[in-house]
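# Tertiary structure, described
These are the residues of each chain, in order.
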Amino acid sequence: MSGVTVRNLVKRFGSTTAVAGVDLEMEAGKLFFLLGPSGCGKTTLLRMIAGFETPTSGSIQFGDRDVSGLPPEKRDAGMVFQGYALWPHLSVFENVAFGLRVRKTPDAELRQRVGDALDLVRMTGLGDRKPTQLSGGQQQRVALARALAFRPRVLLLDEPLSNLDARLRLEMRTEIRRIVDEAAITTIYVTHDQEEALSLADAMAVLRDGSVIQVGPPRTLYDRPSSRFTASFLGETTFLDGTIGAIDDAGVRIDTPAGPVIAADAGGRVTGDRVSVSIRPEAIRIVTDAFPAPAGWSRFEGTVGSSMFLGETAELDVRVAEARLRVLELHPRIDRPIGAAIAMAVDPADVVVLPAEG
Ligand code: ATP
């Protein structure tokens, strides 16, 4: 088991810069996500780590071994692709055994390792089947077993769940977490699905245009994004542009088109700075005479612009002075018709002060 370190990695295809100088440290035995919109360079980055793509410049290390110049088969990385790429004419056993046969593994050891890999993905006893006789989830398990059978130091997953239906994706999420933990293997997982990343990652990097925008554990990236890009890529949010009016014992007051907003932390900015604040819909509480706003919270009064009842929640779009706030109401017990008055409050700890954009 070894961590993966990427230093100043660049990949250009003609005039396109797919990866624009990436530095990352991915910890040994952990599940690390590369997340970002289509075309941000995550697959290219993963393919360079696997050895399928040659970097224009920069280096890749597995543990303290520089693998930058090595072909894929010398890197000790197992890769699972979007479409699984199982050989249809080979049995499950032979699909899983493939890498071991290429490495000329002795027969007894090969049987042991294939058996262990199939046990790990809970496919014991299905070795004689052909891939066409398996469900999508089972095929995905075989692809994982094949990547794990030769006990690689690093496991690379490229959108491994994208071909599965919603229910199977959820099931396989839990499975991938279990497999990574049981195999104790450094895993790098590419996805554009923020829920997959938030629910599974030990740490993640958000990429845009070939560059890393922010790295950290999921909760930090979600709760404390450092840019509007990360805040809006991970979940829903409302941005309010404003100016820091005061910083004192009551907190940081930002004057916005929705009125004054109180934040706990100015994020290094000072009075007079132009900023953008980000407030998640689920952080906004609806307040009433019976459930008033706690002292020190921001308060907003507005009217409902639109509302969508979804059962356990309702999504509201609320007009507050010159602004609009997205609000997620939990356990909505009354209908909120368009134009209805509504009062809201936000804990200063849930207001994130970001650099103004544009
Ligand atoms: P997606 O989520 O759509 O798979 P991605 O984040 O994985 O996107 P990449 O596939 O790494 O993005 O592509 C990054 C950029 O590099 C894109 O602009 C893409 O068009 C370009 N690119 C990737 N591979 C090649 C190639 N072989 N030749 C030319 N350009 C390429």
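Residues numbered from 1 in each chain as written. Predicted model: local features only at pLDDT ≥ 70, side-chain atom pairs only at ≥ 80, totals over all residues. Heavy atoms only, no water.

### Here we look at the site of the ligand
Taken together, the neighbourhood of the ligand is formed by Phe13, Thr16, Ala18, Pro37, Ser38, Gly39, Cys40, Gly41, Lys42, Thr43 and Thr44. Between an oxygen atom of the ligand and a main-chain N or O atom of Gly39, the distance comes to 2.8 Å. Side-chain polar atom of Lys42 to an oxygen atom of the ligand: 2.6 Å apart, as the coordinates give it. Protein burial of the ligand: of its 630 Å² of free accessible surface, 58% is covered by the chains. Broken down by secondary-structure element, the contributors of at least two residues to the shell around the ligand are β2 (16–26) and α1 (42–50). Of the residues forming the shell around the ligand, the biggest block, 3 residues, is contributed by α1. Each residue belonging to the shell around the ligand can be placed in one class, and the counts come to 4 nonpolar, 6 polar and 1 charged. (Near = heavy atom within 4 Å. Polar contact = N/O pair within 3.5 Å; in protein donor to acceptor, adjacent residues only side chain to side chain. Areas by Shrake-Rupley, 256 points an atom, 1.4 Å probe, with all protein chains shown as cover. Helix = DSSP H or I, 4+ residues; strand = E, 2+ residues; numbered from the N terminus. Nonpolar A, V, L, I, M, F, W, Y, C, P; charged D, E, K, R; others polar.)

### A word on the packing of helix α2 (residues 92–102) against helix α3 (residues 107–120)
Orientation of α2 relative to α3, taken along the N-to-C sense of each, is 125°, at an axis distance of 10 Å. By the angle between their axes, α2 is oblique relative to α3. Taken as a pair, α2 and α3 cross one another with a handedness that is right-handed. Residues Val92, Phe93, Val96, Ala97, Leu100 and Arg101 of α2 form the contact with α3, whose own contacting residues are Asp107, Leu110, Arg111, Arg113, Val114, Ala117 and Leu118. Across the contact of α2 with α3, the residue classes tally to 9 nonpolar, no polar and 4 charged. (Axes fitted to C-alpha atoms, helices over the stretch in contact; angles between N-to-C directions. Parallel < 35°, antiparallel > 145°, perpendicular 65-115°, else oblique. Left-handed = near helix turned anticlockwise from the far one by under 90°. Contact = heavy atoms within 4.5 Å.)

### What about the domain arrangement of the chain?
Split into domains, the chain comes out as domain 1 (4–225) and domain 2 (236–355). Its C-alpha centre places domain 1 at a distance of 40 Å from the equivalent point of domain 2. A combined buried area of about 480 Å² lies between domain 1 and domain 2, and 38% of that area is made up of carbon and sulfur atoms. Among the residues of domain 1 in contact with domain 2, Tyr222, Arg224 and Pro225 are the three that bury the most area, contributing 94% of the side total. Our enumeration of links across domain 1 and domain 2 arrives at 0 salt bridges. On inspection of domain 1 and its partner domain 2, the count reaches 3 residue pairs in polar contact (both at pLDDT 80 or more). Among the residues making up the side of domain 1 that touches domain 2, the classes are represented as 2 nonpolar, no polar and 2 charged. (Domains from an automatic or database assignment. Buried area = accessible area lost by both parts, 1.4 Å probe. Salt bridge = Lys/Arg side-chain N within 4 Å of Asp/Glu carboxyl O.)

### A word on the sheet that holds strand β11 (residues 238–248)
Either a parallel or an antiparallel arrangement is found when strands of a sheet pair, and the pairing is made through backbone hydrogen bonds. One open sheet accounts for 5 strands, arranged β13-β12-β11-β14-β20; its pairing is antiparallel. Where the open sheet ends on each side, the last strands, each with one partner, are β13 (259–263) and β20 (351–355). Shown here is a sheet whose adjacent strand axes are inclined to one another by a mean of 45°, direction ignored. Note: strand β12 (residues 251–256) against β13, 5 bridges, orientation antiparallel. Paired with Val252 across the bridge in β13 is Ala263. (Pairing = 2+ DSSP bridges.)

### Topic: the pattern of salt bridges
Within this structure, the stated rule accounts for 23 salt bridges. Between Arg47 and Glu53 there is a salt bridge, with its nearest N and O atoms 3.2 Å apart. Glu53 gets classed as buried once you look at its relative accessible area, which sits at 19%. For Asp107, the salt bridge is made with Arg111, and the minimal N-O distance between the two is 3.4 Å. Of the two residues, Asp107 and Arg111 both sit in helix α3, 4 residues apart, roughly one turn of that helix. Shared partners join several salt bridges into a network, and the residues in it are Arg122, Arg141, Arg167, Glu171, Glu175, Arg178 and Glu182. (Buried < 20%, exposed > 50% of the residue type's maximum accessible area, 1.4 Å probe, protein only.)

### Examining the nonpolar core
Among the nonpolar cores identified, the biggest contains 47 residues, and Phe33, Val96, Val114, Leu144, Tyr189 and Met204 are the most heavily contacted of them. Looking at which element gives the most residues to this core, the answer is helix α4 (residues 136–148), with 6 residues. With residues up to four places along the chain from it excluded, the contact list for Leu144 reads Val80, Val121, Leu155, Leu157, Met172, Ile176 and Ile179. (Core = buried A, V, L, I, M, F, W, Y, C linked by side-chain atoms within 4.5 Å.)

### Focus on the sheet that holds strand β18 (residues 323–330)
Spatial strand order, β15-β19-β16-β17-β18: 5 strands in an open sheet with antiparallel pairing. This sheet does not close on itself; its edge strands, each paired only once, are β15 (284–287) and β18. This sheet shows a mean twist of 45° between the axes of neighbouring strands, independent of strand direction. As paired strands, strand β17 (residues 313–320) and β18 are joined by 8 bridges and run antiparallel to one another. Within β18, the position partnered with Arg319 by the bridge is Arg324.

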